[in-house]
Amino acid sequence: MKKISTLKILLMITILVTGCIFSADAQIEIRSNHPQSLPLVDGSTVAIDPSKGYLIKEIKDKVYYATDGIYQVMFILTSTGVVAVDAPPSLGGNLLKSLKEITDMNVTHVIYTHPHPDHIGGAALYPGNPVIITSEGTAKDLRRHNLSEGMIPFGAYVGGKPVPLPTKTFSKKMELNIGGRKIVLLTSGSAAHSGEDVIVFLPKEKIVMMVDIVFPGWIPFEQLAYCQDLDGYIDIQRFVLKLDFDVLVPGHYSKLGTREEIDQNMEYVDDLYSGLSDAIQKTDFASVVAKTGMANIHLMMEDYFDVIARKTSSKVEEKWKGKLSGVDVWSYSNARKLIPYVRESAADVPKRQ
Ligand SMILES: [Zn+2]
């Protein structure tokens, strides 16, 4: 009994942390720190017919994306079948329903962009045992975590279950030629959002899918898009900008992105960096100690970090309000995530070159 209630609490925390709620609970009480949050910026969302619950749209030359407003999947039609990139479980039955709107062909290949269940947890819904492709790093991660046992089974917070394991893996780069379509899979060489994020590049159509890094029209998701490595988070954006593309499929929310929106994301991160650097240099640590005292060291440091993060986020919010949605919601969280990087390494990185 005790185990069940602990599991329930952990699941609730996970749902809150991810911001993804997939079941209605009338008892739940929503806490909001932002009752006066800023309005969304025009153009940061695309309308979705609520009676359908999803949108499917051609990006270019029979390459489509489908979205439920929170997650995105990409479908690449070839002459011999469909290549699906990811399988967000939030779309559920709408994964196949949306596909049916555009073709009767089967999914022959599935590409996993990274090992997180909220993006690939619906992969078992694709019938007929498609070939499943990902990077060696993502495959390794999945072999470790893709379990049905344990405190929280893989993907439980999104109603998922273990996903089919990859049947084909690559290191650094793989070129696929499927039914007349050229698809290039790449990794940037370091951990970024996950241990090894896969970039899907269609050179002829000039489309890139890079997931959980940039949220076009929005600031990054909390804690800087949960990036595992900040240098890697910057590097992957630089890496992608070297490719010849003009449409970004970001994996999240309703809209697609542009090269300029990746630049904008880098500029926002730069502003957090320079804001923190400035705040660290101008905040008198001794004044914080004088107020909080030194007996509770955790509290003393928390107060110091809080002062620095608030100074930074208020400056960044002022610059970006009206330009990016959510700037008032998670700039503080993003600044907090960056504090150790700025404190522990050179304060003027990253430069965006
Ligand atoms: Zn992720």
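Residues numbered from 1 in each chain as written. Predicted model: local features only at pLDDT ≥ 70, side-chain atom pairs only at ≥ 80, totals over all residues.

(A) Here's a closer look at the overall build of the chain. When its secondary structure is counted, the chain shows 10 helices and 12 strands. Within the chain, buried positions represent 40% of all 353 residues. Taking all contacts inside the chain whose residues are at least 6 apart in sequence as the whole, residues at least 24 apart take part in 68%. (Helix = DSSP H or I, 4+ residues; strand = E, 2+ residues; numbered from the N terminus. Buried ≥ 20, exposed ≤ 12 C-beta atoms within 10 Å, placed from the backbone. Contact = placed C-beta atoms within 7 Å.)

(B) Expanded view of the nonpolar core. In this structure, V73, A84, V200 and V208 are the most contacted members of the largest nonpolar core, which totals 80 residues. At seven residues, the largest contribution of residues to this core is made by helix 7 (residues 259-282). Counting residues domain by domain, this core receives three or more from each of domain 1 (56-257) and domain 2 (267-344). Ignoring anything within four residues of it in the chain, the contact list for V200 reads V85, I111, T113, I183, L185, V208 and M209. (Core = buried A, V, L, I, M, F, W, Y, C linked by C-beta atoms within 7 Å. Domains from an automatic or database assignment.)

(C) Summary view of the packing of helix 7 against helix 10 (residues 327-344). Helix 10 packs onto helix 7 with a crossing angle of 65° between their chain directions and a minimal axis gap of 10 Å. What the angle tells us is that helix 7 and helix 10 run roughly perpendicular. Every pair of crossing elements has a handedness; the one defined by helix 7 and helix 10 is right-handed. Mapping the contact onto sequence places L272, Y273, L276, S277 and I280 in helix 7 and N334, A335, L338, I339, V342 and R343 in helix 10. Taken together, the residues of the contact of helix 7 with helix 10 sort by class into eight nonpolar, two polar and one charged. (Axes fitted to C-alpha atoms, helices over the stretch in contact; angles between N-to-C directions. Parallel < 35°, antiparallel > 145°, perpendicular 65-115°, else oblique. Left-handed = near helix turned anticlockwise from the far one by under 90°. Nonpolar A, V, L, I, M, F, W, Y, C, P; charged D, E, K, R; others polar.)

(D) Fine view of the sheet that holds strand 5 (residues 107-111). With mixed pairing, the seven strands of this open sheet are ordered in space as 1-2-3-4-5-6-7. Among the strands making up the open sheet, the edge pair consists of strand 1 (55-60) and strand 7 (168-170). Going from strand to strand, the sheet's axes swing by 25° on average, the running direction of each strand aside. Across four bridges, strand 4 (residues 82-85) lies against strand 5 in parallel orientation. Each residue of the ladder has a partner; that of A84, found in strand 5, is V110. Against the sheet, helix 2 (residues 94-102) makes contact with strand 1, strand 2 (63-67), strand 3 (72-77) and strand 4, and its axis sits at roughly 50° relative to strand 1, the strand it touches most. Those strands touched by helix 4 (residues 136-145) are strand 6 (131-135) and strand 7, and its axis lies near 105° from that of strand 6. (Pairing = 2+ DSSP bridges.)

(E) Representation of helix 10 in the model. With 18 residues, helix 10 extends 25 Å from end C-alpha to end C-alpha; this agrees with the ideal 26 Å at 1.5 Å per step. Along helix 10, the sharpest kink reaches roughly 35°, centred on L338 and followed within four residues by the proline P340. For helix 10, the set of buried residues is V327, W330, S331, N334, A335, R336, K337, L338, Y341 and V342. If you follow the buried residues of helix 10, they end up packed against helix 5 (222-226), helix 6 (230-241), helix 7 and helix 9 (297-320). (Expected span 1.5 Å × (residues − 1). Bend = angle between axes of the 7 residues up to and from the residue.)

(F) Region of interest: the sheet that holds strand 10 (residues 199-202). Across the sheet, which stays open at both edges, the five strands sit in the order 8-9-10-11-12 with mixed pairing between neighbours. Taken across any chain shown, the strands that pair with only one partner, and hence form the sheet edges, are strand 8 (173-178) and strand 12 (247-249). Neighbouring strand axes in the sheet, compared pairwise and without regard to direction, differ in orientation by 20° on average. As paired strands, strand 10 and strand 11 (residues 207-209) are joined by three bridges and run antiparallel to one another. Paired with V200 across the strands is M209, a residue of strand 11.

(G) View of the pairing of strand 5. Of all five residues that make up strand 5, four are buried, and the element is covered over most of its length. A crossover links strand 4 with its parallel partner strand 5, the connecting element being helix 2, and its sense is right-handed. In this structure, strand 5 lies alongside strand 6, joined through three bridges in parallel fashion. Counted as the bridge partner of H109 is V131 from strand 6. (Right-handed = clockwise from strand over helix to strand, strands pointing away.)

(H) Highlighting the packing of helix 9 against helix 10. One way to put it is that helix 9 packs onto helix 10 with a least axis distance of 8 Å and a crossing angle of 135°. Considered as vectors, helix 9 and helix 10 are oriented oblique to each other. Considering how the two elements wind past one another, helix 9 and helix 10 form a crossing that is right-handed. Note on element contacts: helix 10 touches helix 9 through V327, D328, S331, Y332, A335, R336 and I339, opposite F305, I308, A309, R310, T312, S313, V316, E317 and W320. Class assignment for the residues of the contact of helix 9 with helix 10 results in nine nonpolar, three polar and four charged.

(I) Broad picture of the environment of I219. Tracing the backbone through its elements, the reader meets I219 in the loop between strand 11 and helix 5. Expressed as a C-alpha distance, the spacing of I219 and G326, which sit 107 residues apart in the sequence, is 6.2 Å. Those residues in contact with I219 that sit more than four places away from it in its chain are Y268, W320, L324, G326, V327, W330, S331 and N334.

(J) Structural view of the environment of P220. The residue P220 is located in the loop between strand 11 and helix 5 in this model. The exposure class assigned to P220 is buried, which follows from the 26 C-beta atoms found within 10 Å. Along the backbone, P220 and W330 are 110 residues apart, and their C-alpha atoms lie at a distance of 7.9 Å. In this structure P220 touches F215, A225, N265 and N334, once residues within four positions along its chain are discounted.

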